[in-house]
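The chain contents come next:
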Amino acid sequence: MNDESSTTTPRKPAKHDARGIAKVALGVVVASFFFGFAMVPIYRIACEHVLGIRMSGEAADAAQVAMMTEDKSRTVAVEFVANVNSKLPWSFKAEKARIEIHPGALTEVWFDATNVSDAAIVGNAVPSVAPAEASPFFNKTECFCFTEQTLEAGESRRMPVRFVVDPQLPQKTKTLTLSYTFYANELATKQLSLVPAPVVGIASN
């Protein structure tokens, strides 16, 4: 008498760990977010260490600039390049592609930006000056790159840049190129949606 007493343990149905999936999804979102922010430092590293173009995003020392004297015996060409990162739906251009300046003279130029999307967006401009060895002699006293720029849907803005080229610029340097690349500031743009809109028809006391 064969007594088959082997018993099979019931197999429990596989269950997805909802918390695990949520963590993975959150990780992907966070990684994508920081990758977008990393584009600016990656661009900066590529320009400075690969292309030899120095980034300059700080205001020049006012006292140092005030001590500079215009050298009318010398002329230097300054070219302007305006770029927009592919993730930012803006148009951006320099009003003049090239000008001639005297070192030591305060010069003002203008750039135009337009938000061509249907929503408000915050952008940051990353500047660079070429050739790299001449960058320390390029002094910006006012620039839209010093702060975030918020453009409403369809809004256009003229933005000034004021600068002085140090008269100590090496004589061999005949041309300087000032370039800007605008990037979307995704964090600041998301924060715009958190600001409550004013209630129409209710007057404040």
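Just so it is clear, the structure is predicted and the values come from calculations on it, not from any experiment.

Some points on the overall build of the chain
1) Next: Looking only at helices and strands, the chain has three helices and ten strands in total.
2) Next: From first element to last, N terminus to C terminus, the chain shows the α and β order α-β-α-β-β-β-β-β-β-β-β-β-α.
3) Next: Put simply, the chain has 205 residues, and 32% of those count as buried.
4) Next: A fraction of 78% describes how many contacts in the chain between residues 6 or more apart in sequence connect residues 24 or more apart.

Points about the packing of aromatic side chains
In this description, an aromatic ring pair is defined by two values, namely the gap between the centres and the angle between the planes.
1) Next: Tallied over the entire structure, the rule returns eleven aromatic pairs.
2) Next: A centroid spacing of 5.2 Å and a plane angle of 80 degrees characterise the contact between Phe-111 and Tyr-180, whose relative ring orientation is edge-to-face. Placement of Phe-111 in strand 5 (residues 107-115) and of Tyr-180 in strand 10 (residues 175-184) is noted, with a sequence separation of 69 residues between them. Judged on exposure class, the residue Phe-111 and its partner Tyr-180 are both buried.
3) Next: The side chain of Arg-158 reaches across the aromatic face of Trp-110, ending 4.2 Å from its centre.

Focus on the sheet that holds strand 9 (residues 156-165)
1) Next: Taken in spatial order, the four strands of this open sheet run 3-5-9-7, and their pairing is antiparallel. Of all strands in the sheet, those with a lone pairing partner are strand 3 (90-94) and strand 7 (138-143), marking the two edges. Strand after strand, the sheet turns through a mean of 25 degrees between neighbouring axes, direction not considered.

Observations concerning the pairing of strand 5
1) Next: As paired elements, strand 3 and strand 5 share five bridges and run antiparallel to each other. Counterpart to Ser-91 in the pairing with strand 5 is Thr-114.
2) Next: Direction of pairing for strand 5 relative to strand 9: antiparallel, over a ladder of eight bridges. When the bridges of strand 9 are listed, Trp-110 appears paired with Pro-160.

Considerations on the state of the cysteines
1) Next: Applying the stated criterion across every chain, the model contains one disulfide.
2) Next: One disulfide in the model links Cys-143 with Cys-145; its S-S distance is 2.4 Å. The chirality of the disulfide connecting Cys-143 with Cys-145 is right-handed, given an S-S dihedral of about 130 degrees.
3) Next: Relative accessible area serves as the criterion here: at 7%, Cys-143 is assigned to the buried category.

Section: the pairing of strand 4 (residues 98-101)
1) Next: Every second residue of strand 4 is oriented toward a common face, the buried set being Ile-99 and Ile-101 and the non-buried set Arg-98 and Glu-100.
2) Next: Both strand 2 (residues 76-84) and strand 4 contribute to a ladder of four bridges, which runs antiparallel. Bridging from a neighbouring strand, Val-78 pairs with Ile-99 of strand 4.

Topic: the side chain of Ser-179
1) Next: Topologically, Ser-179 is positioned in strand 10.
2) Next: Judged by its relative accessible area of 12%, Ser-179 is buried.
3) Next: In this structure Ser-179 touches Val-81, Val-126, Pro-127 and Ser-128, once residues within four positions along its chain are discounted.

A look at the confidence of the model for the chain
1) Next: The share of residues in the chain with pLDDT of 70 or more is 66%, and the mean pLDDT across the chain is 80.
2) Next: In the model, residues 28-55 has pLDDT below 50 throughout and makes 36 contacts with residues more than four positions away in sequence or in other chains.

What to know about unusual backbone geometry
1) Next: Between Ala-130 and the following residue, Pro-131, the backbone shows a cis peptide bond with an omega angle of 0 degrees.
2) Next: Structurally, the position occupied by Pro-131 is in the loop between strand 6 (121-130) and strand 7.

A closer look at the pattern of salt bridges
Between side chains of opposite charge, pairing is possible as soon as their charged atoms come close.
1) Next: Taken as a whole and assessed by the stated rule, the structure comprises seven salt bridges.
2) Next: Taking the shortest distance from any N to any O, the salt bridge between Arg-98 and Glu-100 comes out at 3.7 Å.
3) Next: Asp-112 is paired through a salt bridge with Arg-158; the nearest N and O atoms lie 4.0 Å apart. Residue Asp-112 is located in strand 5, and its partner Arg-158 is located in strand 9; the two are separated by 46 residues in the primary sequence.
4) Next: Relative accessible area serves as the criterion here: at 19%, Asp-112 is assigned to the buried category.
5) Next: Arg-158 gets classed as partly exposed once you look at its relative accessible area, which sits at 48%.
6) Next: Here the salt bridges share partners, and the residues they tie into one network are Glu-79, Arg-98 and Glu-100.

Parameters at a glance
- Residues numbered from 1 in each chain as written.
- Predicted model: local features only at pLDDT ≥ 70, side-chain atom pairs only at ≥ 80, totals over all residues.
- Heavy atoms only, no water.
- Helix = DSSP H or I, 4+ residues; strand = E, 2+ residues; numbered from the N terminus.
- Buried < 20%, exposed > 50% of the residue type's maximum accessible area, 1.4 Å probe, protein only.
- Contact = heavy atoms within 4.5 Å.
- Phe/Tyr/Trp six-rings, centres within 6.5 Å; stacked < 30°, edge-to-face > 60°.
- Lys NZ or Arg CZ within 6 Å of the ring centre and 35° of its normal.
- Pairing = 2+ DSSP bridges.
- Axes fitted to C-alpha atoms, helices over the stretch in contact; angles between N-to-C directions.
- Disulfide = S-S within 2.5 Å.
- pLDDT = per-residue confidence, 0-100.
- Salt bridge = Lys/Arg side-chain N within 4 Å of Asp/Glu carboxyl O.

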